[in-house]
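The chain contents come next:
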Amino acid sequence: MGRACVAVIGSGPAAFYATASLLRPDEPAVHVDMFERLPTPWGLVRSGVAPDHPKIKTVSSAFARTADHPRFRFFGNVEFGRDVTRTELLERYDAVVYAVGASSDNHLGIPGEDLPGSLAATDFVGWYNAHPDFRDLDPQLDVERVVVIGAGNVALDVARMLVTDPDELASTDVADHALGALRASSVREVLVVARRGPIQAAFTTIELRELGELTGVDAVLDPADLEVLDPEEVKAGGHVVRTNIETMHRLVDEHPPTGRPRRLVLMFARSPIEIRPGPDGRVGEVVLGCNDLVNEGGTVRARDNGKRETVSTGLVIRAVGYRGVALPDVPFDDRRGVIPNTGGRVIEGEREYVTGWIKRGPSGVIGTNRKDGQETAEAVLADLAGRADRTEEELTEILEWVRKRCPEVVEEHDWRAIDRHEIGAGEPAGRPRVKLCSIPELLAVAAAAREGSRPA
Ligand code: NAP
């Protein structure tokens, strides 16, 4: 039986959800090859989700089931644009689906942002999650206070990681280098700075609730920030806003600060204006501008009211959103950081599709990608319209081409060996896994495993 061949670029949740839809039982002719720059799959499930959120990571077992499919192949350690090009893939595949996420971050655009000690949350998250690109980040944690800019879940993840008792993190899959640094950390206070108010914050309720449950941590917010809220506005904000505000009230009422060893402070209506160096040339202080919240045509905006506060700190982490990055030769909307598309079909593309954050922008939780992936897969399947004329020989030729192009390609069998290795390394300490943090280490385990045993 002939096959229709689809290449999926990226291996995070968006890639796997789209793949699962492409390989659904009533489409017996579709074959999927997944290309990933790293030797490991799962994208942000591996390198984004906080180590103390193991439940969220269990979604990877569904991805592993998809990867078990007989019409699926994983090609890790293969970089789009470097090892294989758009033209080459379009020559070999009936459709190409971009699911590369949003690997960069938004900037604040303020003086001092590039000083040593001013970091992007995307880098810091990659560092504690053992992403090979960030293992050498070496954030300076010999400081008492850290300022985290932004009021989203990434800001809360970062803040929580900085104040959580390292003994609790020791039973997670946090990178070993990060655990060591967090054990030696001098951080006693983390300020999470939101430019707008509690109603506009992008946190989700579960993440807020956790703040009151952290051992040895006072989670603090100014009750005045809640007292000024208009109950009608809270009500109109919908379910998440209502439960967020209830949770913040509970933090104030039921978890008053008692001088615990570490503090996590939520500050509202303040924007960073300038990051200033200290005597050592690193970050020394942040100037915050106070904001009035003004309703402009139904949108509440932060307007600088001229008041200033200066906060001393040695580390500033901006968590103001991820940003998509252009792929070589692929259409890109630089303003929005996405590949322009209609319902998943790339505008001005040639049998090309898109799913996940690079399709719709960096918002939503992991599960949001399921529906998104289904929509894209529907578009692919409709356009393939039963086309299935690739032979087994052609599939083998593609495999040989990839292996030739990238001799250290990590195939599914090799990744499973890495997976077993990491899980085995975690067992003695009761950890879910100990992640390998560098590409040579990962490739060495893959190479050892496939010696003479790589399936044809
Ligand atoms: P986000 O939810 O979009 O939050 C970004 C925050 O940055 C917003 O509070 C935004 O404020 C603020 N911001 C943007 N530009 C700013 C500036 N120039 N100055 C000050 N503040 C600025 O993004 P995220 O936290 O990166 O999260 C991305 C997605 O991943 C979200 O959908 C999130 O829920 C999800 N996520 C989920 C989990 C989880 O489920 N546990 C964990 C991590 C991430 P404004 O609203 O005022 O623009």
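Residues numbered from 1 in each chain as written. Predicted model: local features only at pLDDT ≥ 70, side-chain atom pairs only at ≥ 80, totals over all residues. Heavy atoms only, no water.

1. What about the overall build of the protein?
Where we set the bar: Helix and strand definitions here come from DSSP, where helices need a minimum of 4 consecutive H or I residues and strands a minimum of 2 consecutive E residues; each element is numbered from the N-terminal end. Computation of the radius of gyration draws on C-alpha atoms alone. For the globule rule, the value is 2.2 Å times the number of residues to the power 0.38. Whether a residue is buried, partly exposed or exposed follows from its accessible area with a 1.4 Å probe, protein chains only, as a fraction of its type maximum: under 20%, in between, or over 50%, in that order.
Of the regular secondary structure elements, the protein holds 18 helices and 18 strands. Compactness check: the protein gives a C-alpha radius of gyration of 23 Å against a globular reference of 23 Å for 456 residues, within 12% of the reference. When the backbone C-alpha atoms are referred to their principal axes, the protein occupies close to 70 × 55 × 40 Å. When the 456 residues of the protein are sorted by exposure, 54% land in the buried category.

2. Points about the sheet that holds strand E14 (residues 315-318)
Our working rule: Here the rule is simple: two strands pair whenever DSSP picks up at least two bridges between them. The convention used is that axes are lines fitted to C-alpha atoms, helices contributing only their stretch in contact, and that angles between N-to-C directions extend from 0 to 180 degrees. In this description, contact between two residues means that some pair of their heavy atoms is separated by no more than 4.5 Å.
If you walk across this open sheet you meet the 6 strands as E6-E14-E7-E8-E10-E9, and the pairing is parallel. Unpaired on one side and paired on the other, strand E6 (118-120) and strand E9 (217-221) mark the two borders of the sheet. Taken pair by pair, the neighbouring strands of this sheet meet at an average axis angle of 20 degrees, ignoring direction. Examined bridge by bridge, strand E7 (residues 145-149) and E14 share 4 bridges and lie parallel to one another. In the strand pairing of E14, Val 147 is matched with Val 316. In the packing of helix H7 (residues 153-163) onto the sheet, contacts are made with E7, strand E8 (189-193), E9, strand E10 (262-267) and E14, and the angle to E10 comes to roughly 160 degrees.

3. Overview of the site of the ligand
Inclusion rule: To be near a molecule or strand, a residue needs just one of its heavy atoms within 4 Å of it. Whenever two N or O atoms come within 3.5 Å, that pair is a polar contact, provided that in protein one can donate a hydrogen and the other can accept it, and provided that, for residues adjacent in sequence, both atoms are side-chain atoms. In this classification, Asp, Glu, Lys and Arg are treated as charged, Ala, Val, Leu, Ile, Met, Phe, Trp, Tyr, Cys and Pro as nonpolar, and every other residue, Gly included, as polar. Those domain boundaries reflect an automatic or database domain assignment.
Lining the immediate surroundings of the ligand are 22 residues, of which Asn 153, Arg 195, Arg 196, Glu 207 and Gly 364 lie closest. Here Arg 196 contributes a side-chain N or O atom positioned 2.8 Å from an oxygen atom of the ligand. Between an oxygen atom of the ligand and a main-chain N or O atom of Gly 364, the distance comes to 2.7 Å. Sorting elements by how many residues they give to the shell around the ligand places H7 first, with 3 residues. Tallied by class, the residues present in the shell around the ligand amount to 12 nonpolar, 6 polar and 4 charged. Structurally, the shell around the ligand is a two-domain feature, drawing no fewer than three residues from each of domain 1 (3-103 + 324-410) and domain 2 (106-321).

4. Here's the deal with the pairing of strand E1 (residues 4-9)
Cut-off, in case you're wondering: Crossover handedness is defined here as right-handed if the route from the first strand over the helix to the second strand goes clockwise, with the strands pointing away from the viewer.
With respect to burial, E1 is a largely interior element, 6 of its 6 residues being buried. Along E1, one buried face is formed by Ala 4, Val 6 and Val 8 and the opposite face, lined by Cys 5, Ala 7 and Ile 9, is buried too. Relative to strand E2 (residues 30-36), E1 is paired through 6 bridges, and the arrangement is parallel. Along E2, the bridge assignment pairs Val 8 with Met 34. Following the backbone out of E1, through helix H1 (residues 13-22) and into the adjacent parallel E2, one traces a crossover that is right-handed.

5. Thoughts on the domain arrangement of the protein
Test applied: Accessible surface is computed with a 1.4 Å probe, and the buried area is the amount of it that two parts give up when combined, taken over both parts together. A side-chain nitrogen of Lys or Arg and a carboxyl oxygen of Asp or Glu constitute a salt bridge if their distance falls within 4 Å.
You can read the domains of the protein as domain 1 (3-103 + 324-410) and domain 2 (106-321). Distance from the C-alpha centre of domain 1 to the C-alpha centre of domain 2: 33 Å. Counting from both sides, the interface comprises 11 residues of domain 1 and, opposite them, 17 residues of domain 2. When domain 1 packs against domain 2, close to 1200 Å² is buried across both sides, 51% of that on carbon and sulfur atoms. The interface formed by domain 1 and domain 2 holds 3 salt bridges in total. We note a salt bridge from Lys 57 to Asp 173, for which the minimum N-O separation is 3.2 Å.

6. Describing unusual backbone geometry
With phi around 70 degrees, Asp 329 is a residue other than glycine that occupies positive phi space. Relative to the helices and strands, Asp 329 resides in the loop between strand E15 (322-323) and strand E16 (341-342). The class of Asp 329 is exposed, set by a relative accessible area of 57%. Positioned with a positive phi, Arg 351 is a non-glycine residue whose angle comes to about 55 degrees.

7. What about the packing of aromatic side chains?
Put simply, the rule is: Two rings belonging to Phe, Tyr or Trp (six-membered ring only in the last case) form a pair when the distance between their centres is within 6.5 Å. Interplanar angles under 30 degrees mark stacking, angles over 60 mark edge-to-face geometry, and anything in between is tilted. The criterion is that NZ of a Lys, or CZ of an Arg, lies within 6 Å of the ring centre and within 35 degrees of the ring normal, and then a charge sits over that ring.
Evaluated as defined, the whole model comprises 10 aromatic pairs. Aromatic side chains Phe 16 and Phe 63 sit 5.0 Å apart centroid to centroid with 10 degrees between the ring planes, which places their arrangement in the stacked category. Here Phe 63 lies in helix H4 (residues 60-67) and Phe 16 lies in helix H1, a separation of 47 residues in the sequence. For the residue pair Phe 16 and Phe 63, the accessibility class agrees, reading buried in each case. One aromatic cluster is present, built from ring pairs that chain together Phe 16, Tyr 17, Phe 63 and Phe 72. When the ring centre of Trp 401 is taken as origin, the NZ or CZ atom of Arg 92, which lies over that ring, is 3.9 Å away.

8. Description of the packing of H1 against H4
Heads up, the rule is: An angle below 35 degrees is treated as roughly parallel, one above 145 as roughly antiparallel, one from 65 to 115 as roughly perpendicular, and anything else as oblique. Each crossing is labelled by how the near helix is turned from the far one, with a counterclockwise turn of less than a right angle marking it left-handed and a clockwise turn marking it right-handed.
Packing of H1 against H4 brings their axes to within 10 Å, and their N-to-C directions diverge by 45 degrees. Considering their axes alone, H1 and H4 lie oblique with respect to each other. In this structure, H1 meets H4 at a crossing whose hand is left-handed. Here H1 contributes Pro 13, Phe 16, Tyr 17, Thr 19 and Ala 20 to the contact with H4, which in turn contributes Phe 63, Thr 66 and Ala 67.

9. Considering the sheet that holds strand E13 (residues 299-312)
Across the sheet, which stays open at both edges, the 3 strands sit in the order E11-E12-E13 with antiparallel pairing between neighbours. Each edge of the open sheet is held by one strand with a lone partner, namely strand E11 (270-277) and E13. Recorded for the sheet is a direction-independent mean angle of 20 degrees between the axes of neighbouring strands. Pairing between strand E12 (residues 283-296) and E13: 11 bridges, direction antiparallel. Along E13, the bridge assignment pairs Asp 292 with Arg 303.

10. Let's talk about the pattern of salt bridges
For the structure on display, the rule yields 44 salt bridges. Taking the shortest distance from any N to any O, the salt bridge between Asp 68 and Arg 416 comes out at 3.7 Å. Pair noted here: Asp 68 is in the loop between H4 and strand E3 (72-76) and Arg 416 is in helix H17 (residues 412-426), with a separation of 348 residues, a long-range link. By relative accessible area, which is 55% here, Asp 68 ends up exposed. Ionic pairing is found between Glu 285 and Arg 276, a salt bridge with its closest N-O pair at 3.1 Å. With relative accessibility at 24%, the residue Glu 285 sits in the partly exposed group.

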